[in-house]
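Below are the chains, spelled out letter by letter.
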Amino acid sequence: MEVERRSFEARQASARDMLRGDLEGEDLERYVEERVVTTTFEKMLNLARANSIFPLTFGLACCAIEAPISIVTARYDLARFGAEALRASPRQADLIILSGRVSIKMAPVVRRLYDQMLEPKWAISMGACSSSGGMFANYAVVQGADKFMPIDLHIPGCPPRPEAVMYGFNKLQRKIMGEPDQGWRQRYNAAGTEEWARGGPASQPSPEAAEAYEIARELTLA
Amino acid sequence: MPDGPGLELLRGEIDGDAPGAVLATSFEKERAVLIVDPERILDVLTWLRDTPGRRYGFLSSLHVADYLPAEPRFGVHYELLNRDRRERLRVKAMLPASSPQIDSCVGLFPTANFQEREAFDFFGVVFHGHPELTRILLPEDYVGYPQRRDFPVGGEPVTFTYSEARYG
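Basis of the calculations
Residues numbered from 1 in each chain as written. Chains lettered and ligands numbered in written order. Predicted model: local features only at pLDDT ≥ 70, side-chain atom pairs only at ≥ 80, totals over all residues. Helix = DSSP H or I, 4+ residues; strand = E, 2+ residues; numbered from the N terminus. Rg over C-alpha atoms; globule rule 2.2 N^0.38 Å. Buried ≥ 20, exposed ≤ 12 C-beta atoms within 10 Å, placed from the backbone. Contact = placed C-beta atoms within 7 Å. Pairing = 2+ DSSP bridges. Axes fitted to C-alpha atoms, helices over the stretch in contact; angles between N-to-C directions. pLDDT = per-residue confidence, 0-100. Core = buried A, V, L, I, M, F, W, Y, C linked by C-beta atoms within 7 Å.

**Student:** I tried to follow the overall build of chain B on my own but got confused; where do I start?
**Tutor:** The secondary structure content of chain B amounts to four helices and seven strands. For chain B, the sequential pattern of α-helices and β-strands runs α-β-β-α-β-β-β-β-α-β-α. Here the C-alpha radius of gyration of chain B, 19 Å, is well above what a compact globule of 168 residues would show, namely 15 Å. The principal-axis extents of the C-alpha atoms in chain B amount to approximately 70 × 35 × 30 Å. Put simply, chain B has 168 residues, and 26% of those count as buried. Across chain B, every contact between residues at least 6 apart in sequence was considered, and the portion connecting residues at least 24 apart equals 48%.

**Student:** When you look at the sheet that holds strand E3 (residues 153-155) of chain A in this model, what are you seeing that I'm missing?
**Tutor:** In a beta sheet, neighbouring strands are held together by backbone hydrogen bonds and run either parallel or antiparallel to one another. Residue and element names in this part refer to chain A. Pairing is parallel in the open sheet, where three strands are placed in the order E1-E2-E3. This sheet does not close on itself; its edge strands, each paired only once, are strand E1 (95-99) and E3. This sheet shows a mean twist of 20 degrees between the axes of neighbouring strands, independent of strand direction. Running at roughly 165 degrees to E3, helix H7 (residues 162-178) makes contact with strand E2 (122-126) and E3 of the sheet.

**Student:** Is there a simple way to think about the confidence of the model for chain A in this case?
**Tutor:** As a note on interpretation, predicted positions should not be read in detail where pLDDT is low. This prediction gives chain A a mean pLDDT of 82; 82% of its residues lie at or above 70. Contacts from residues 197-202 of chain A, a stretch scored under 50 in pLDDT, to residues over four places away or in other chains number three contacts.

**Student:** Please explain the pairing of strand E1 (residues 22-28) of chain B as it appears in this structure.
**Tutor:** Looking along a regular strand, one sees side chains alternate from face to face of the sheet. Residue and element names in this part refer to chain B. In this structure, E1 lies alongside strand E2 (residues 31-36), joined through six bridges in antiparallel fashion. Pairing of Glu28 across the sheet is with Arg31, part of E2. Hairpin connection of E1 to E2: two residues between the antiparallel strands, including Lys29 at a positive phi of 50 degrees.

**Student:** Looking at this structure, I do not really get the sheet that holds E1 of chain B. What am I missing?
**Tutor:** All names here are of chain B. In space, the five strands of this open sheet follow the order E1-E2-E5-E4-E3, with mixed pairing throughout. The open sheet is flanked by E1 and strand E3 (58-66), the only strands paired with a single partner. Each adjacent strand pair in this sheet contributes to an overall mean axis angle of 20 degrees, direction not counted. Here eight bridges tie E3 to strand E4 (residues 74-82), and the two strands are oriented antiparallel to one another. Paired with Leu62 across the strands is Tyr78, a residue of E4. Where helix H1 (residues 4-17) meets the sheet, its contacts fall on E1 and E2, and the angle it forms with E1 comes to roughly 170 degrees. Strand contacts of helix H3 (residues 112-123): E3 and E4, with the helix running at about 5 degrees to E3, the strand carrying the most contacts.

**Student:** What is the right way to read the nonpolar core from this model?
**Tutor:** The tendency in soluble globular proteins is for nonpolar side chains to be buried side by side. In terms of nonpolar packing, the biggest core is built from 40 residues, with Ile96, Leu98 and Ile124 of chain A touching the most fellow members. Broken down by element, the residue count for this core peaks at five residues, all from H7 of chain A. For Leu98 of chain A, the residues in contact, after removing those within four places along its chain, are Leu60, Val110, Ala123, Ile124, Ser125, Met126, Ser130 and Ala145 of chain A. One finds Leu34, Leu62, Tyr78 and Val125 of chain B within the second-largest nonpolar core, a separate group that totals 34 residues.

**Student:** What's the story with the pairing of E2 of chain B in this structure? I'm lost.
**Tutor:** Residue and element names in this part refer to chain B. Judged by which residues are buried, E2 turns out to be one-sided: Ala32, Leu34 and Val36 face inward and are buried, whereas Arg31, Val33 and Ile35, on the alternate face, are not. Where E2 and strand E5 (residues 87-95) come together, four bridges link them in parallel fashion. Paired with Leu34 across the bridge in E5 is Val91.

**Student:** What's the story with the environment of Ser125 of chain A in this structure? I'm lost.
**Tutor:** Residue and element names in this part refer to chain A. In this structure, Ser125 sits in strand E2. For Ser125, a count of 26 C-beta atoms within 10 Å puts it in the buried group. With residues near it in sequence (within four places) discarded, Ser125 still touches Leu98, Ser130, Ser131, Ala145, Asp146, Ile151 and His154.

Written out as structure tokens, the structure is:
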């Protein structure tokens, strides 16, 4: 049902009345209709996920000046989008920004960090180097990070301006809210590769944890 | 920095103690270079380090250059420094392309350890007597010596479809 939108002052006044217990009858109905939104659980979940991303504190090269450093400063302020909490451990993060060229010696390390992150997780390839090798068309650099791990978003530039990184981040948020997982990560064998926190990669989870994990995984990959 | 005549004097002194070790000298761009026989590199380095009045006691750099297609192909450069007189001297040993091998100078200059490993990593020059001659920067399972001039550059060809369609 469409509700006519009232001015901010009017809504504030009715909220005050509501708290005092003065709102009754038609006014109360109107108050509820103005404030309650019906949606699906998935949409609500994705809204929360998109607006509380914890990026990994992780820099590879010169792009790291722009991405994890500049965009959390006061001038650009990633906190506006709910991503100001940079995590120092991949086990607490759900976004990895590949900021710079990935050398062939670093690639297994990056992949391992990605595997250590908990689902749901996303990866942004930032700048020309991590997207395609960039100017480093040589023996030492991986020609595009999507050769060894799934990338959700590529940001062009050398390096991208912090504004471009923010725009890319907003794009990622829209992607998370729209379609959380298109299922294409399986191609990289990236689903279900998470390592268990206790005891390193070889350790096994408890049966209950494994069952809960399987259920959660089926839900996210469905 | 020894000047041109000073370099010849130095060569004469080395020839007196180690005849035939110095093959040639060169003095270009204010830089004195002794080109020595790779078989006797340790004799020359020891002489330069320990002789009173010379005492080039600091190896500021050890690196290799590939002079393809010249033969001998690889040049091992030792940049020596006397810190009291602030004198620099370059010692160069040329190695053949077929089997670039030379004695390690880690025993004389411990700083050469990592630099010889790097030279081995990128050029495949073997330093005999090195305590642990393994790759230092590239992954252990890397195949080839990428700083050699005949090593392919790598990377991937980029197709400039727009430019090619427009400009042919």
